[in-house]
Structures are given as C-alpha cells and as structure tokens.
Number of protein chains: 2
Amino acid sequence: MNIVLLSGGSGKRLWPLSNDIRSKQFIKIFKNEEGAYESMVQRVYRQIKKADPEAAVTIATSKAQVSAIHNQLGENVGISVEPCRRDTFPAIVLASAYLADVQGVDLSEPVVVCPVDPYVEDDYFFALKRLGEQAKKGEANLVLMGIEPTYPSEKYGYIIPEDGGAVSKVSTFKEKPDEATARAYIEQGALWNGGVFAYQLGYLLKKAHEMIQFADYQDLYQKYSSLPKISFDYAVVEKEEKIQVMRFSGEWKDLGTWNTLTEAMEENTVGDAMLNDTCTNVHVVNELKVPVLAMGLHDVVISASPEGILVSDKGQSSYIKPYVDSIDQQIMFAEKSWGSFRVLDVEEESLTIKVTLNPGHKMNYHSHRNRDEVWIVISGRGRTLLDGMYRKVSPGDVIVMPAGCRHTVFADTELKMVEVQIGREISVLDKQKYPMTEA
Amino acid sequence: MNIVLLSGGSGKRLWPLSNDIRSKQFIKIFKNEEGAYESMVQRVYRQIKKADPEAAVTIATSKAQVSAIHNQLGENVGISVEPCRRDTFPAIVLASAYLADVQGVDLSEPVVVCPVDPYVEDDYFFALKRLGEQAKKGEANLVLMGIEPTYPSEKYGYIIPEDGGAVSKVSTFKEKPDEATARAYIEQGALWNGGVFAYQLGYLLKKAHEMIQFADYQDLYQKYSSLPKISFDYAVVEKEEKIQVMRFSGEWKDLGTWNTLTEAMEENTVGDAMLNDTCTNVHVVNELKVPVLAMGLHDVVISASPEGILVSDKGQSSYIKPYVDSIDQQIMFAEKSWGSFRVLDVEEESLTIKVTLNPGHKMNYHSHRNRDEVWIVISGRGRTLLDGMYRKVSPGDVIVMPAGCRHTVFADTELKMVEVQIGREISVLDKQKYPMTEA
C-alpha cells in the first residue's frame, strides 16, 4: 500500500502545546501499548505498519515539519516537502509526482490519501487497505471513505451514497450543515467525509497535467509557489463522475480542539499534576517540570508548556484561536533536525537557552555578527569546531565564541549544553552559515 | 509610636507564591498610589509611616525572613529575630526586651503589637495610634482593638465588651464560633479579635519576668529555644483583669487564603494574563514570563510561579494545605540578603540558576567540595574574588571555579549572572565559608 499522510499546518487550537513551529500532530500525549507516550503521528505510523508492514508511507508537509518527522519516525519515511503552503490539491499533486518520479511507483498502483491525525483504532487501517484495493480495481477513478456518523455533526461535510452497500456510487456531496440538516442527511443514509480517498497514481497525474503545466516532480517543485491555492475537494472530488464511496463504521475522531483531544486521553493527567477529589472531568497536560494543582474544577482543561498556560472550560476551548493569535511571543521551545532547544531566560541584552543534541547529530557551521556566545557542557560527550579547530568536550567544559567566530558542535552521545548569548541585537536572523570544508 | 509587627511563618496557603522560604507577606500583589506593585509588608509599612512619620517599627520574625525584610523595607526597620519559632508569647516578650535593651525605649512607653499582614485602609493606623495613647493613660494594662464584625465569621475569636462605648472594659473572650453562635455574639455587641493590642513596655516585661527566668534581651535570646510554645492570648490576654477594648469600624481584612486575597486585588490580573469575556470572577497572579490564557471560567483563581501552578475554585482554595504539603519540591526561587536566585534548569549532574545581586552587595566567600561552577555575567558590573585574586567583570565575562576554589562576587551595579553547577552530588549543604581577610 502506498499511503500519503497530509500533515497540516501549525494550528494554534491546541496552544500552548501547538504554535507557529510545533503542530499538534507531534505532541506526545497518547499512551501506546507499552505505556510510553507517543504523538498522533507516531500513533498513526505505528498503526499503519501493524496493518500493513509493507506499507510505503509518504508524508506531505512543509519544510518546518521535516525535523520533527525524522525525530519522531526515523529516516524510513518518505517526505514530500511543500516549498510553501498551497492547499490540498497542489500538495496531493506534488506528493503524487514525488511517488512517480522519486520513488518510482508504477502509475497503475493505488495511492491512499488521509490526514496524519485521525484518532482511530486498528480497523481503520485495514479499511484503508481495502480502499486502495477498490481503487486498484478501476471501477471508479476515486474511492472515498465514508464514515458512518455517530451524531449529527456540524463540523464535517457529508457524502450521500446511491445505496447502502459496502461500496456504492456517490450520489452527491453536502457542505457542513447545521444540526437539523445533518440529522436529515443521516436519515437519508449520509456518511461523513473525513478527507480520506484512494486513486490510481496515473489517474491523478493525468488530472494534474490537464490543470497544471509541468514536466515532472522537480519542475513542479520549482514552480510550486505559483500554483493556485485550491482544495482537492473543489478541484477534483466534486467534479469527478466516476466516484465511489466505501463505508467505514469503526471509531473515528478528529482531535482538533482541546475538548476532543482530552476525550481521547487515557488518563486525566500527563505530566506533573494533582487533582483534588472535588474536580470532575478535568484534564491536565503539563510539560513543565513544576507541579500543577487543580482544585474544585469541572469540565476544565489545563495545559502548561514553555510557551504559556491555558486554563479553559472545555466547551470554550474551541474558541481559542483569536486569543492565541493576539499573543506575540518568542518561541520558547523547538525541535530541530539535530535535537531541541528551550529558552531558559530572556534579558534585554542576553538570552540563555538549553540545547540538546541527539547522538550523531551536529548543528550547522555558523557565526553571528552581533553577539558573543558561551557554551557550557552539562552532560554527554562531543566535539566542537571553532574557526577550523576541533576540540573534544565533556561536562564542565566552557566554550567561548566571540562574535564572528565560526562554530558548530558534534554530539558523540546525547549532548546537553547551556548556551548564553550576549549582545545588543540578539536575533535569529543574525546567522551566517559556512560549508564544513575547512574542517 | 512603637509598633511591633508580628511576621508569621511560611504559610503554604498561598502556594505557589508562598512556600517554605517565601511568606505571603512578601508577595508583590497590591498596587500603591503610584501604580507600582507592593507586598503586604511594604503596604503596611508605607501606611504606618503615613499615619505617623515618627513611628519606630520593629518586626518580630524568624531568621529566614530577615533578607526579604531588608530587601523590601530597607535598613531603617528594627528586627527582633527569633532564633526559632516559639508562638506569640515568647515572640512578643523577645521583641519587648529588644525594644528596652537594644533600642532603649522607656518602660513607660506604649507598644502597639499587630500582625504584619492586615489588609486595611489608612484609618486603621490612626486607630493604632489611639490604641497606644489609650495604653499610655494606664487605665488598663492591656488595650485591645475590637473590630466591628461585618458578617458572622467562623474564622475569628470574639471579644464581648461591657458596653458599647468607644473604649470599654472587656467582659469576656469567645473562641472561634460556628456561624449561628457568631450571629448571637454579634447581637450581643461582640467584636472580632484581630490580635491587635497595646501595653506599656514595663508592664509586659514585668509579666515576662514573672513567667520566664531571664536577665535581659541577650540572655533571653540565648535560651529562646527552651521557652514553652504558648500563645500571647493564652499566657496574658485571657488572664488579665485590667483590660480594655477600643472599637474599630473601618475596613479590616485578613488575607490568609486565595479567596480573601483576590478580593483585595484591584485588578483581575497581575502579570501576563488574558481572560476571555466569558470569564466571571476570575483572578490571575502570574509571576512567569509566559502568558496565561483563561477561558470560560467562573470563581476561579489561577496562580503561576517558578514553584508551580495553582488552578482552584475560590471556595476550594482554603483547603489547599495538605495538597501543598504533599509536594516535595526543590526551591525554585528565593530572595537572599544579597539579591535573589532562580533555578533555570535541573539535570541529574548539573543545576543552572540565574543570580541577581543588588548593587553594593556580595555573596559569602565560599567554596564547594563536590562541584565545579561557571559564572557568565549577563548584565551589570562587579568584581569577582577567586582564591584571593580580584577581577573586574562585565557582560560576556566567564568565570570558571573548579571544586575547592574559594569565590565570591561584589556587585557595583545590579549584577546578573547565569551560574552553571556541575557535579555528581550537588547540594546546598556542600558549602564551606571563609572570612574575607585574605582579600
């Protein structure tokens, strides 16, 4: 099975855990069978591999997520990197061209596309396999998954099938309705449209060439920013006549808000938290190293991260976006290709951060014009490179890098350092990169 | 006026702002007339000086609070330091001996004793002055302040006066009652006992000598730990026959819980916080540098500090103590005689803290057996002393102190440093102090 997971943008609806550079799909909030925490991406990837160990997984995403994906899934996953965000039609075309031109997938092969973050059980992934097999048959150009509704939701579009069979032709599509209309749709046998579908690779590339002038994957990648922002539903699904829907009746949840996310949590707390016995329906996700104490609360979610603290009535939590948009804040924590950093202290003319490098990784070789930096190694072993000179480092070692000094560090084991930046104009833009050839 | 302010122990009822080493009276949560935040201690001290610029203020407290008192009030305040906690009778006797033997106060002078943390208006301090003047008259040995009740509280003891005059003899005292009993007391004209009273210095010392064998202040200080733990009410007030009560009808609040404390806040938030418009009666006190967002909450207090995060229904907040007692946590922030420190990062074999020295202050000259330390100056100017060698330091300077190295730092201006401690057994007990003679 070829599966393309659409990994969406940096939603703020799960602030303070998600922000401009950290998306909800990477938050480690679920417990796997061994009791370890895993993210939505890790959960879905593990479930795919369980349903089909041979599945070839490609993640369609932006550059900003590449580091987090490799950190969480390792190197065996294909990534179709969107140079910029252009909505789902260009993203799916780019991923399809990537499969054909980079991965060498045969044009007759089926491709299954689904969001990266459904909260589902293992049966969902067996259904995806069947979806691909149905597309392979060629009875239709597109085969959608139709999810049997469990309540008259206003959040989803609806698919009206021609009949009640396991696989049926699609009669029509309906936009997100109000609750009464949703109820009427469901009485007609309507299914939720979860944005999950399958096609033969050749079909989609033919469609793409009809709508976009491009030679191959490389060419498409180059001109990606000039493509129109258009959804796959609008560009393809709603116009296709040869289209089927396959029913899925298992559990399926879209965990887009704190309210729905906390419903999927196995325990009421993740991290250091204490609830007194007068709390009811309270969930705490605490990424900080200090305790959260909750007393006498009902239907409340509390989340604390290096970015901030949310305390919200669960129903209200879906209205979070404008408030978070109004917060203009320095990024306090980020995952990078080489590890992660966390801001420890901010002063007018200094910034103190904690840097963790993963074993075998290194930073870019770089310098700064307007700030001096000092590293103090607090754990692990590695090697620094300063203006062409190597040095082995271990805990307690102090490395001083005046402005202009070219520097990088290689981690032989996991390597943790405190980095103090000193200067009048500390900015992430003040960074000159160099090739490592002098080393 | 001689006024003794009793500064009580390290309550946990206002966790995470108060803890083992930080008491509620030092939390800067109130706005003064210039709009700057001040603590309860600062507010009360400012109000005393406004009512009586000549007032001699002595604070009776433990050693642990001396630094915070000097930091917040400066050096012009007398401090009677209790070597250990022995309840209010020994504390008041010690403070009285301090006034007589250290400050040279005449035995005929009145002394007014009150808690350090009432939340009151300026009229209260004029009432304290009148309380002292009444004690000076000598009509009674003790003159208590009786606060006119505003509701049938179960939290206070009651004073039943003989009549309704401004000053009356005390008929009897009543323990904290239940609400119905409190209502009956109030109908009889009862007053709250707020632990505020005045006496002539000679009276109290005579009483003290009847009950405790001691020569003078120094002698009493030496044997302080052997004194019985006994309250002033029990030892003196309830046994005294010549006792009067003076009415006070102004505003008087005891801000001992989050519920009562938030009632006294002028604005709903202190620090970086945002409440959406569906919040009602929500208060936020946020000492962290990241935002708190509250949505859809009612009657809730949120407080965040380097020690932790409290989210509590206001009514429930008075039951906080056992939960906080169960938290076994490293101190993350502390005020010291020389400034303050804040823990930035804790690892198994390292500790990173931010040190702020007040101008003109220095640390003890000391060394550590089992850890290396590094300072990086991030702002200000000063001088370090390492194994007898002085060095001027300014931002960007790095000072390396291997285990055994004797070190201190003097702040010429406010001086901020990041301190990284590296070692297998990092402990506050690993500290050897030296005299500064070699310098």
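Now for a look at the structure at hand. Keep in mind it's a predicted model, so treat the numbers as computed, not measured.

What follows deals with the packing of helix α3 (residues 88–102) of chain A against helix α6 (residues 201–211) of chain A. All names here are of chain A. Contact geometry of α3 with α6 gives a least axis separation of 10 Å together with a crossing angle of 125°. By the angle between their directions, the pair α3 and α6 is classed as oblique. In the packing of α3 onto α6, the handedness of the crossing is left-handed. For the pair formed by α3 and α6, the contact residues are F89, I92, V93, S96, A97, L99 and A100 on the first element and L201, L204, L205, A208 and M211 on the second. Residues of the contact of α3 with α6, tallied by class, amount to 11 nonpolar, 1 polar and no charged.

Let us now look at helix α2 (residues 66–73) of chain A. Of the positions making up α2 of chain A, those classed as buried are S67, A68, I69, Q72 and L73 of chain A. Where α2 of chain A is buried, its residues touch α1 (40–51), β4 (56–62), β5 (78–82) and β20 (333–336) of chain A.

Remember that side chains alternate between the two faces of the sheet whenever the strand is regular. Residue and element names in this part refer to chain B. Burial of strand β16 (residues 280–286) is extensive: 5 of the 7 residues sit out of reach of the surface. Judged from the 2 bridges that link them, strand β14 (residues 269–270) and β16 form a sheet pairing that is parallel. Bridge assignment links T269 to a residue of β16, and that residue is V284. By the bridge criterion, 6 bridges tie β16 to strand β18 (residues 298–305) in an arrangement that is parallel. Looking at β18, one finds that H283 is bridged to V301.

To continue, consider the pairing of β18 of chain B. All names here are of chain B. Along β18, 6 of the 8 residues are buried, which leaves the element largely enclosed by surrounding structure. Looking at chain direction, β18 and strand β19 (residues 308–313) are connected through 6 bridges and run antiparallel. Bridge assignment links I302 to a residue of β19, and that residue is V311. Between the antiparallel neighbours β18 and β19 lie 2 residues.

Moving on, we come to the sheet that holds β19 of chain B. The strand order β15(A)-β17(A)-β19(B)-β18(B)-β16(B)-β14(B) describes an open sheet built from 6 strands, whose pairing is mixed. Two strands close off the open sheet at either side, each with one partner strand: β15 (273–275) of chain A together with β14 of chain B.

On to the sheet that holds strand β22 (residues 350–357) of chain B. Within a sheet, each strand pairs with its neighbour through backbone hydrogen bonds, oriented either parallel or antiparallel. Residues and elements named next belong to chain B. One open sheet accounts for 6 strands, arranged β20-β21-β22-β29-β24-β27; its pairing is antiparallel. The outermost strands of the open sheet, each flanked by one partner alone, are β20 (333–336) and β27 (398–401). Strand after strand, the sheet turns through a mean of 20° between neighbouring axes, direction not considered. Here strand β21 (residues 339–347) pairs with β22 via 8 bridges, running antiparallel. Counted as the bridge partner of D345 is T352 from β22. Packing against the sheet, helix α2 (residues 66–73) makes contact with β20 and β21, and its axis sits at approximately 75° to β20.

Turning next to the side chain of S340 of chain A. Topologically, S340 of chain A is positioned in strand β21 (residues 339–347). With residues up to four places along the chain from it excluded, the contact list for S340 of chain A reads F333, A334, E335, K354, V355 and T356 of chain A.

Both copies of the chain are related by a screw-like operation: a rotation about an axis and a shift along it. Aligned on chain A, chain B shows an RMSD of 0.1 Å; the corresponding rotation is 179° and the shift along the axis is 0.1 Å. The superposition of one copy onto the other is thereby described by a two-fold rotation axis. Of every C-alpha in chain B, the one belonging to L344 of chain B sits nearest the axis of rotation, 2.9 Å from it. With an isologous cut-off of 70% or more, the 100% of interface residues of chain B that recur at the interface of chain A puts this contact in the isologous class.

A few words on the interface of chain B and chain A. In many analyses, interface size is given as the accessible surface area lost on bringing the parts together. The interface of chain B with chain A comprises 54 residues on the first partner and 54 residues on the second. Interface area, chain B with chain A, both sides summed: about 4,200 Å², of which 70% is carbon and sulfur. On the chain B side of the contact with chain A, L293, M295 and I309 of chain B bury the most area, a combined 16% of that side's loss. Counting the contacts that link chain B with chain A gives 6 salt bridges.

Once that is clear, we can look at unusual backbone geometry. W15 of chain A connects to P16 of chain A through a cis peptide bond whose omega is 10°. For D87 of chain B, which is not a glycine, the phi torsion comes out positive at approximately 70°. Examined against the element boundaries, D87 of chain B turns out to sit in the loop between β5 (78–82) and α3 (88–102). The exposure class assigned to D87 of chain B is partly exposed, which follows from its relative accessible area of 40%. You will see that N281 of chain B, though not glycine, has its phi angle at about 50°, which is positive. Within the secondary structure, N281 of chain B sits in strand β16.

Helix packing for two helices is described by the angle between their axes and how far apart those axes are. Residue and element names in this part refer to chain A. In the contact formed by α1 and helix α4 (residues 122–137), the axes pass within 9 Å of each other and the chain directions differ by 60°. As summarised for this structure, α1 and α4 are arranged oblique, according to the angle between their axes. Along this stretch, α1 crosses α4, giving a crossing that reads as right-handed. Of the residues in α4, those in contact with V44, Q47, I48, K50 and A51 of α1 are D122, F125, F126 and K129. Class assignment for the residues of the contact of α1 with α4 results in 5 nonpolar, 1 polar and 3 charged.

A complete count under the given rule lists 46 salt bridges over all chains for this structure. By sharing partners, the salt bridges in this structure join E33, E38, R46, K50 and D122 of chain A into a single network.

So, about the packing of aromatic side chains. All told, the structure shown has 32 aromatic pairs over all chains when counted by the stated rule. Relative to W252 of chain B, the ring of Y156 of chain B has its centre 5.2 Å away and its plane inclined at 65°; by these criteria the two rings are edge-to-face. Remark: W252 of chain B occurs in strand β13 (residues 252–254) and Y156 of chain B occurs in the loop between β8 (142–147) and β9 (157–161); sequence separation between them is 96 residues. With a relative accessible area of 8%, Y156 of chain B lands in the buried category. Here the aromatic residues F89, F197, Y199 and F232 of chain A are joined through ring pairs into a cluster of three or more. The ring of Y119 of chain A is capped by R43 of chain A, whose NZ or CZ atom sits 4.0 Å from the centre of that ring. Between K239 of chain B and the ring centre of Y234 of chain B, over which it is positioned, the NZ or CZ distance is 4.4 Å.

Together, K63, K336, K431 and K433 of chain A give the surface a local cluster of positive charge. A residue is classified by how much of its surface remains accessible, and K63 of chain A, at 67% relative accessible area, is exposed.

Moving on, we get to the environment of E238 of chain B. Residues and elements named next belong to chain B. Here E238 lies in the loop between α8 (232–235) and β12 (243–248). Between the alpha carbons of E238 and A208 there is a distance of 15 Å; along the sequence they are 30 residues apart. Other than its neighbours up to four places away in sequence, E238 contacts F173, E175 and D233.

Attention now moves to helix α4 (residues 122–137) of chain B. All names here are of chain B. Spanning 16 residues, α4 covers 24 Å between terminal C-alpha atoms, matching the ideal 22 Å at 1.5 Å per step. Those residues of α4 lying buried are Y124, F125, A127, L128, L131, G132, Q134 and A135. Buried residues along α4 cover an arc of 165° about the axis, so they all sit on one side. A positive phi of about 80° marks G138, the residue just after α4.

Criteria and thresholds
- Think of each chain on its own: its residues are numbered from 1, step by step along the sequence as written.
- Chains and ligands are labelled sequentially in the order written, the chains with letters from A and the ligands with numbers from 1.
- Totals for whole chains, interfaces and linings use every residue, but because this is a predicted model, local features are given only for residues with pLDDT of at least 70 and side-chain atom pairs only at 80 or more, for both listing and counting.
- The basis for the side-chain values is all heavy atoms of the structure; hydrogens and waters are excluded.
- Note on definitions: angles span 0 to 180 degrees between N-to-C directions of axes, and those axes are lines fitted to C-alpha atoms, for helices only across the stretch in contact.
- For the purposes of this entry, the term helix denotes a DSSP run of H or I that reaches at least four residues, the term strand denotes a run of E that reaches at least two, and both are numbered from the N terminus.
- Roughly parallel refers to an angle under 35 degrees, roughly antiparallel to one over 145, roughly perpendicular to one between 65 and 115, and oblique to any angle outside these ranges.
- Helix crossings fall into two classes, left-handed where the near helix is turned counterclockwise from the far one by less than a right angle and right-handed where it is turned clockwise.
- Contacts are assigned to residue pairs with any non-hydrogen atoms lying within 4.5 Å of each other.
- Asp, Glu, Lys and Arg are counted as charged, while Ala, Val, Leu, Ile, Met, Phe, Trp, Tyr, Cys and Pro are counted as nonpolar; the rest, among them Gly, fall into the polar class.
- The rule is simple: take the accessible area with a 1.4 Å probe, protein chains only, and divide by the maximum for that residue type; under 20% is buried, over 50% is exposed, in between is partly exposed.
- Here, a strand pair is defined by DSSP locating no fewer than two bridges between the strands.
- A least-squares superposition brings the copies together, and it is based on the C-alpha atoms of residues with pLDDT no lower than 70 in both.
- By buried area we mean the combined loss of accessible area, with a 1.4 Å probe, across both parts when two parts are placed together.
- A pairing counts as a salt bridge when a side-chain nitrogen of Lys or Arg comes within 4 Å of a carboxyl oxygen of Asp or Glu.
- Here is the rule: rings of Phe, Tyr and Trp (six-membered ring for Trp) pair when centre to centre is within 6.5 Å. Planes less than 30 degrees apart are stacked, more than 60 are edge-to-face, and the remainder are tilted.
- Our definition puts a charge over a ring when NZ of Lys or CZ of Arg is within 6 Å of the ring centre and also within 35 degrees of the ring normal.
- Residues forming no salt bridge and having over 30% relative accessible area are the ones grouped into patches, like charges within 9 Å of each other and nonpolar side chains (Val, Leu, Ile, Met, Phe, Trp, Tyr) within 5 Å.
- Reported accessibility uses the Shrake-Rupley method at a 1.4 Å probe radius. Residues are deemed covered only where the shown protein chains occlude them.
- Asp and Glu are treated as the negative residues and Lys and Arg as the positive ones, with His and the ends of the chain left uncounted.
- Working definition for charges: the position is that of NZ of Lys, CZ of Arg, CG of Asp or CD of Glu.
- To estimate the expected span of a helix, count its residues, drop one, and scale the result by 1.5 Å.
- Working definition: the arc comes from the directions between the helix axis and the C-beta atoms, pointing outward to the latter.

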